[in-house]
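Spelled out from the first residue to the last, the chains are:
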Amino acid sequence: MGIFRKSIKINTNGLNNFVNITENVIDVIKQSKIKNGMVFINSLHNTAALIMQEDDSTIHRDLVNTLEKIVPLKGEYEHNYEGNENAAAHLKTNLLASNLTIPLENGKLVLGTWQQIFFIEFFEPREREIVVTIVGE
Amino acid sequence: MGIFRKSIKINTNGLNNFVNITENVIDVIKQSKIKNGMVFINSLHNTAALIMQEDDSTIHRDLVNTLEKIVPLKGEYEHNYEGNENAAAHLKTNLLASNLTIPLENGKLVLGTWQQIFFIEFFEPREREIVVTIVGE
Amino acid sequence: MGIFRKSIKINTNGLNNFVNITENVIDVIKQSKIKNGMVFINSLHNTAALIMQEDDSTIHRDLVNTLEKIVPLKGEYEHNYEGNENAAAHLKTNLLASNLTIPLENGKLVLGTWQQIFFIEFFEPREREIVVTIVGE
């Protein structure tokens, strides 16, 4: 059993940018030489989320609209000194997730037919860091 | 340290069917012979969720009603070409989770008194696959 | 590769008490002598959540207000025989999370600049148990 870890750095386009990071994660797996185990994916940010979802922009827009109903950009927030977008971004992140775990088998991610890994930017265009850790053999 | 993995296949009854999979997970643990470590549970679907919750149908119905308020079946969705139930199912899945991790000690899941593991079907009656991975010794 | 596990016990002040448990988790890491791997944090409760978030009370109050909109204390719940606070607490827990995974590197949690680990009490003042498991070398 061994551990391999590497960060993925991405540049986002700003509010509600869905970035498919599945291939980035697969690259780290290849570098690791680990074939069986678990893959842990961690966003180091409080204003961006990680989800499993289909690579279908209609679903992504529906998710954006659903979150806007719960945490409207024109709502009232105490944490408004970096703007409402920032406050809403913190809340959306907690409603979704900032860490994922995925099985690894025979060198491949164990995903459903339609599952892809997305990083969602909820704030401004930023360089973001996602840590990928592989534990296995 | 070793790794053991096995899929659980279940047949769901359709929309809002809560399936208690705790015993299914315990079966996989027994087969694994692993006594201490972590148990990773992954749903391979985008229209069904995994949660920890009490085995109490009143809570389950309250959760269904809460999700209906956020993601109403009669709402408007861009991803409507498989029906609103499908669109809403994708969104509910992201608001809950599709992976869980649970500690394993002395061959037993470390759960609170009232914690059970539920798979929630948000779409149609389906055969569903849940991957259980045990890492430990 | 080894496994180390220890429970953290905390006493909460009741509804919407955010408890920063980052230092408690760091204490367990020090005791473990494990330097590289993954840290798994599990709440054993259905009426309290675990989140990653900034240590900023304005965000915490915004999160409380957002959850109150989704799951109002004056709402109608079937699971009302322990009071609406209890019913709402169950639902809030599922909307957030009850387990977190965090990378461990050189004896330190891999966290973003503003990420801290919070336990949120959604019910009454209680003694609560959080299980910390470290897998690594």
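Residues numbered from 1 in each chain as written. Chains lettered and ligands numbered in written order. Predicted model: local features only at pLDDT ≥ 70, side-chain atom pairs only at ≥ 80, totals over all residues.

**A closer look at the overall build of chain A**
1) Next: Secondary structure assignment for chain A yields 3 helices and 8 strands.
2) Next: The C-alpha radius of gyration computed for chain A amounts to 16 Å, which stays within 12% of the reference 14 Å derived for 137 residues, consistent with globular compactness.
3) Next: Seen along its three principal axes, the alpha-carbon backbone of chain A occupies a region of about 50 × 30 × 20 Å.
4) Next: Looking at chain A as a whole, 53% of its 137 residues are labelled buried.
5) Next: Excluding contacts between residues fewer than 6 apart, the proportion of contacts in chain A whose partners are at least 24 apart in sequence is 82%. (Helix = DSSP H or I, 4+ residues; strand = E, 2+ residues; numbered from the N terminus. Rg over C-alpha atoms; globule rule 2.2 N^0.38 Å. Buried ≥ 20, exposed ≤ 12 C-beta atoms within 10 Å, placed from the backbone. Contact = placed C-beta atoms within 7 Å.)

**Digging into the relation of the copies chain A and chain B**
1) Next: Overlay of chain A on chain B (RMSD 0.0 Å): rotation 120°, translation along the axis 0.0 Å. Such values leave the two copies arranged in the relation of a three-fold axis. For chain A, the residue whose C-alpha comes nearest the rotation axis is A:L95, separated from it by 3.5 Å.
2) Next: Looking at chain A, a mere 19% of its interface residues are interface residues in chain B too, so the copies touch through different faces. (Least-squares fit on C-alpha atoms with pLDDT ≥ 70 in both.)

**Examining the interface of chain A and chain B**
1) Next: In this assembly, 32 residues from chain A lie in contact with 25 residues from chain B.
2) Next: For the side of chain A that touches chain B, the secondary structure elements donating two or more residues are β3 (37-43), β4 (48-53), α2 (57-70), β5 (99-105) and β8 (127-136) of chain A.
3) Next: The residue makeup of the side of chain A that touches chain B, split by class, is 17 nonpolar, 9 polar and 6 charged. (Nonpolar A, V, L, I, M, F, W, Y, C, P; charged D, E, K, R; others polar.)

**Things to note about unusual backbone geometry**
Only a minority of non-glycine residues have a phi that is not negative, and only a minority of peptide bonds are not trans.
1) Next: Positive phi, normally seen in glycine, also occurs at A:N16, with a value near 70°.
2) Next: Residue position: A:N16 is located in the loop between β1 (2-11) and β2 (17-20).
3) Next: On the basis of neighbour count, A:N16 is assigned to the buried category, with 20 C-beta atoms found within 10 Å.
4) Next: Of note in the backbone geometry, B:N106 takes a positive phi value of approximately 50° without being a glycine.

**Focus: the interface of chain C and chain B**
1) Next: At the junction of the two partners, chain C supplies 25 residues and chain B supplies 32 residues.
2) Next: Taken together, the elements giving at least two residues each to the side of chain C that touches chain B come down to β1 (2-11), β3 (37-43), α3 (84-95), β5 (99-105) and β8 (127-136) of chain C.
3) Next: Counting residues per element, the side of chain C that touches chain B draws most heavily on α3(C), which supplies 5 residues.

**Considering the nonpolar core**
1) Next: Ranked by internal contacts, the top residues of the largest apolar core, which has 129 residues, are A:V39, A:I41, B:V39, B:I41, C:V39 and C:I41.
2) Next: Setting aside residues no more than four positions away along its own chain, C:I41 makes contact with C:V25, C:L50, C:N99, C:L100, C:I117, C:I130 and C:V132. (Core = buried A, V, L, I, M, F, W, Y, C linked by C-beta atoms within 7 Å.)

**Examining the sheet that holds strand β7 (residues 116-121) of chain B**
Across a sheet, strands are paired by hydrogen bonds formed along the backbone, either parallel or antiparallel in direction.
Residues and elements named next belong to chain B.
1) Next: The 3 strands lie next to each other as β2-β7-β4, forming an open sheet whose pairing is antiparallel. Looking at strand neighbours, the two that pair on one side only are β2 (17-20) and β4 (48-53), the edges of this open sheet. Pairs of neighbouring strands in the sheet enclose a mean axial angle of 30°, with direction left out of account.
2) Next: Pairing between β2 and β7: 4 bridges, direction antiparallel. Pairing of N20 across the sheet is with F118, part of β7. (Pairing = 2+ DSSP bridges. Axes fitted to C-alpha atoms, helices over the stretch in contact; angles between N-to-C directions.)

**Concerning the environment of B:G112**
1) Next: Among the structural elements, B:G112 can be located in the loop between β6 (108-109) and β7.
2) Next: The partly exposed category is assigned to B:G112, around which 19 C-beta atoms lie within 10 Å.
3) Next: Not counting residues up to four positions away in its chain, the partners in contact with B:G112 are C:L44, C:H45 and C:N46.

**Some words on the confidence of the model for chain A**
1) Next: Of the residues in chain A, 100% have a pLDDT of 70 or more, and the chain-wide mean is 98.
2) Next: For this predicted complex, the interface confidence score (ipTM) comes to 0.97, while the overall pTM stands at 0.98. (pLDDT = per-residue confidence, 0-100.)

**Side note on the packing of α2(A) against helix α3 (residues 84-95) of chain B**
1) Next: Contact geometry of α2(A) with α3(B) gives a least axis separation of 10 Å together with a crossing angle of 60°. Viewed along their axes, α2(A) and α3(B) form a crossing whose handedness is right-handed. Between α2(A) and α3(B), the contacting residues are A:I59, A:D62, A:L63 and A:T66 on the first element and B:A87, B:H90, B:L91 and B:N94 on the second.
2) Next: In terms of residue class, the contact of α2(A) with α3(B) is made up of 4 nonpolar, 3 polar and 1 charged. (Left-handed = near helix turned anticlockwise from the far one by under 90°.)

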